[in-house]
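These are the residues of each chain, in order.
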Amino acid sequence: LSGIKTLKLNVENGKVKTVRVNMGAPILECDKVPVKYDDEKMINKPVKVDGKTFNITCVSMGNPHAVTFINDTDNLEIEKIGPKFETHKLFPKKINTEFAQIVDRNTIKMRVWERGAGETLACGTGACATMVAANLNGLVDDEADLVLLGGTLHIKWDKNENKVYMTGPAKFVFDGTITI
C-alpha cells in the first residue's frame, strides 16, 4: 500500500462495500516508463511481437505497462504472446502487458500478463494504465468499468488533477488471531 496516495471507504450498514484509491498521476514519458522509443511518448504505435504487429500505448503507474487493444480477449492465447511482450527489446526492465477489448465507451474487458508472474486475475495499476491508454486513444471518456478475470474495477482519470482513481469492491476474506 506504499504507493497509495489516499483511500476512501464507502460504508453501508457498518460494512465497507467499496474502496476508492488515488493511484497517482500516469507517467507517459518513454524514458520514465521506461521504453526504448524515439518519441517522447508511445501512444498507439505499431510494434512487431512474435511476427505480428500490435499497436501499443505505454503508461507507467509506478510500474511499466504496455497496453494493446484487441478484438477478443476471451480467445487470446496469453500464455504464448505474454512472455514475448514481457521480454521484448523495447522494454529494458521488462513490461506488464494489458490486452484490452473495448466493449463500449464505458466498459473495457482486460487480461493482464505481469512481468515475472504470468497471467494474473487482476492488476490495479494495469487497469489504471489501460483506462489512461483507452482515453488517450479516444476509445473511452474519462472513466469506465474494467472487467478483469478477478472482478470489475471502476477507473476514473481526473485530468484536472492528473490523478487516476480506482474503485473496487471490498470483501471479507477471513478473521483470525496470531500469537506473537
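A brief look at the structure comes next. Quick caveat: nothing in here was measured; it's all calculated off a predicted structure.

Brief notes about the nonpolar core
Generally speaking, a soluble globular protein has its nonpolar side chains buried in company with each other.
Then, in step 1: Among the nonpolar cores identified, the biggest contains 27 residues, and Leu-146 and Ile-155 are the most heavily contacted of them.
Then, in step 2: Counting residues per element, the ones that place at least two in this core are β7 (107-114), α2 (124-136), β9 (143-148), β10 (151-158) and β11 (163-169).
Then, in step 3: When residues in this core are grouped by element, the largest group, seven residues, is from α2.
Then, in step 4: Contact partners of Ile-155, with chain neighbours within four places excluded, come to Ala-127, Cys-128, Met-131, Asp-142, Glu-143, Ala-144, Leu-146, Val-164, Tyr-165 and Met-166.
Then, in step 5: Counting 20 residues, the second largest nonpolar core, distinct from the first, contains Cys-58, Ala-66, Ile-70 and Leu-76.

Observations regarding the side chain of Arg-111
Then, in step 1: As for its placement among the helices and strands, Arg-111 is situated in strand β7.
Then, in step 2: Relative accessible area serves as the criterion here: at 12%, Arg-111 is assigned to the buried category.
Then, in step 3: Here Thr-73 takes part through its backbone oxygen, which lies 2.7 Å from a polar atom of the side chain of Arg-111.
Then, in step 4: Beyond its immediate chain neighbours, meaning those up to four positions away, Arg-111 contacts Thr-73, Asp-74, Leu-76, Ile-78, Thr-97, Glu-98, Phe-99, Glu-119 and Leu-149.

Looking at a negative patch on the surface
Then, in step 1: On the surface, Asp-31, Asp-38, Asp-39 and Glu-40 cluster together into a negatively charged patch.
Then, in step 2: We classify Asp-39 as partly exposed; its relative accessible area is 38%.

A word on the packing of aromatic side chains
Then, in step 1: For the coordinates displayed, the defined rule picks out two aromatic pairs.
Then, in step 2: Ring centres 5.1 Å apart and planes at 70 degrees place the aromatic pair Phe-54 and Phe-85 in the edge-to-face group. Of this pair, Phe-54 sits in strand β4 (residues 52-60) while Phe-85 sits in helix α1 (residues 78-86); the two residues are 31 residues apart in sequence, bridging distant segments of the chain.
Then, in step 3: Taken together, the aromatic side chains of Phe-54, Phe-85 and Phe-99 make up a single cluster linked through ring pairs.
Then, in step 4: Above the plane of the ring of Tyr-165 lies Arg-20, whose end atom (NZ or CZ) is 3.9 Å from the centre.
Then, in step 5: When the ring centre of Trp-157 is taken as reference, the NZ or CZ atom of Lys-159 above it lies at 5.1 Å.

A few points about the side chain of Glu-114
Then, in step 1: Residue position: Glu-114 is located in strand β7.
Then, in step 2: No salt bridge is formed by the buried Glu-114. Its closest oppositely charged neighbour is Arg-115, at 7.3 Å.
Then, in step 3: A distance of 2.7 Å separates polar atoms of two side chains, one belonging to Glu-114 and the other to Thr-120.
Then, in step 4: For Glu-114, the residues in contact, after removing those within four places along its chain, are Glu-86, Asn-96, Thr-120, Ala-122 and Cys-123.

Considering unusual backbone geometry
Then, in step 1: The omega angle of the peptide bond from Val-33 to Pro-34 is -5 degrees, so this bond is cis rather than trans.
Then, in step 2: The phi angle at Asn-44 is positive, at roughly 55 degrees, despite the residue not being glycine.
Then, in step 3: Topologically, Asn-44 is positioned in the loop between β2 (15-22) and β3 (45-49).
Then, in step 4: With relative accessibility at 38%, the residue Asn-44 sits in the partly exposed group.

What counts as what
Residues numbered from 1 in each chain as written. Predicted model: local features only at pLDDT ≥ 70, side-chain atom pairs only at ≥ 80, totals over all residues. Heavy atoms only, no water. Core = buried A, V, L, I, M, F, W, Y, C linked by side-chain atoms within 4.5 Å. Buried < 20%, exposed > 50% of the residue type's maximum accessible area, 1.4 Å probe, protein only. Helix = DSSP H or I, 4+ residues; strand = E, 2+ residues; numbered from the N terminus. Contact = heavy atoms within 4.5 Å. Polar contact = N/O pair within 3.5 Å; in protein donor to acceptor, adjacent residues only side chain to side chain. Patch = residues over 30% accessible without salt bridge, like charges linked within 9 Å, V, L, I, M, F, W, Y side chains within 5 Å. Areas by Shrake-Rupley, 256 points an atom, 1.4 Å probe, with all protein chains shown as cover. Salt bridge = Lys/Arg side-chain N within 4 Å of Asp/Glu carboxyl O. Lys, Arg positive; Asp, Glu negative; His and termini not counted. Charge placed at Lys NZ, Arg CZ, Asp CG, Glu CD. Phe/Tyr/Trp six-rings, centres within 6.5 Å; stacked < 30°, edge-to-face > 60°. Lys NZ or Arg CZ within 6 Å of the ring centre and 35° of its normal.

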